[in-house]
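A look at the structure
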Amino acid sequence: LAQVLAQANLVVRYQGSFQVHSGKMQNDEGKYVDLYLPRKCSATNRLIPAKEHAAVQLNVGQVDENGVFTGDFYTFALAGFIRNRGESDACLNRLLYEKSLLTFSK
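So, how was this worked out
Residues numbered from 1 in each chain as written. Predicted model: local features only at pLDDT ≥ 70, side-chain atom pairs only at ≥ 80, totals over all residues. Heavy atoms only, no water. Helix = DSSP H or I, 4+ residues; strand = E, 2+ residues; numbered from the N terminus. Buried < 20%, exposed > 50% of the residue type's maximum accessible area, 1.4 Å probe, protein only. Contact = heavy atoms within 4.5 Å. Areas by Shrake-Rupley, 256 points an atom, 1.4 Å probe, with all protein chains shown as cover. Patch = residues over 30% accessible without salt bridge, like charges linked within 9 Å, V, L, I, M, F, W, Y side chains within 5 Å. Salt bridge = Lys/Arg side-chain N within 4 Å of Asp/Glu carboxyl O. Core = buried A, V, L, I, M, F, W, Y, C linked by side-chain atoms within 4.5 Å. Phe/Tyr/Trp six-rings, centres within 6.5 Å; stacked < 30°, edge-to-face > 60°. Lys NZ or Arg CZ within 6 Å of the ring centre and 35° of its normal. Arc of directions from axis to C-beta. Disulfide = S-S within 2.5 Å.

Digging into the overall build of the protein
The helix and strand inventory of the protein stands at 3 helices and 7 strands. Listed N to C, the secondary structure of the protein is α-β-β-β-β-β-β-β-α-α in terms of helices and strands. Out of the 106 residues in the protein, the part that is buried amounts to 18%. Residue pairs in contact within the protein that sit at least 24 positions apart in sequence constitute 34% of those at least 6 positions apart. Accessible surface for the protein amounts to roughly 8,300 Å². Of this, 49% is attributable to carbon and sulfur atoms.

Comments concerning a nonpolar patch on the surface
A contiguous nonpolar patch, built from Val63, Phe69 and Phe73 and spanning about 320 Å² of accessible area, is present on the exposed surface. Along the polypeptide, Val63 turns up in strand E6 (residues 56–63).

Here we look at the nonpolar core
Cys41, Ala43, Ile48 and Phe76 are the most contacted members of the largest nonpolar core, which totals 13 residues. Contributing elements (two or more residues each) for this core: strand E7 (69–78) and helix H3 (88–98). The element best represented in this core is H3, accounting for 4 residues. Ignoring any residue separated from it by four or fewer positions in sequence, one finds Ala43 in contact with Ala77, Leu78, Cys91, Arg94 and Leu95.

Section: the packing of aromatic side chains
On inspection of all chains with the given rule, the structure shows 1 aromatic pair. Ring geometry for Tyr97 versus Phe104: centroids 5.3 Å apart, planes at 35°, classification tilted. Given a relative accessible area of 48%, Tyr97 falls into the partly exposed group. Since its relative accessible area comes to 57%, Phe104 is described here as exposed. Directly above the aromatic system of Phe81 lies the positively charged group of Arg46, at a separation of 3.9 Å from the ring centroid.

Comments concerning H3
Think of an α-helix as 3.6 residues a turn; residues three or four steps apart then line up on the same face. Among the residues making up H3, those that are buried are Cys91, Leu92, Leu95 and Leu96. Considered in projection along H3, the buried side chains sweep an arc of 135° and stay on one side of the axis. Summarising the geometry of H3, the exposed residues directed more than 90 degrees from the buried face are Asp89 and Glu98. Positive phi appears at Ser100, one or two residues downstream of H3, with a value of about 60°.

So, the state of the cysteines
Taken as a whole, this structure holds 0 disulfides when the rule is applied. Unpaired in this structure, Cys41 has its nearest cysteine sulfur neighbour in Cys91, at a distance of 7.0 Å. By relative accessible area, which is 1% here, Cys41 ends up buried. Owing to a relative accessible area of 10%, Cys91 belongs among the buried residues under this scheme.

What follows is the structure, given as structure tokens:
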């Protein structure tokens with residue numbers, strides 16, 4: 001569990017003990033529970049809380065030269081903070097440009 005959290009660069013506080021078996025976590029009562037890993041905003045690297053309803057997650061699909069979806073996609077998450085400031089379109093353009101999915105040339 002510590003290795004998974006360290007790889008995701010996340011700090012999680014919990015009370016009690018957990019056991020991990022085959023991808024499932026088991027709490028003190030023996031019930032299997034899911035491991036919650038919060039999302040991070042792609043533009044600001046801020047953590048997106050579970051209760052933030054203004055945040056969006058976009059999957060941008062890759063297409064081949066004929067315009068057919070290849071099955072690959074890039075995932076972008078934008079926090080409500082960015083959307084409330086009205087900067088989500090500029091941030092998404094920057095992220096797409098960094099992935100070479102968007103060009104600004106004519």
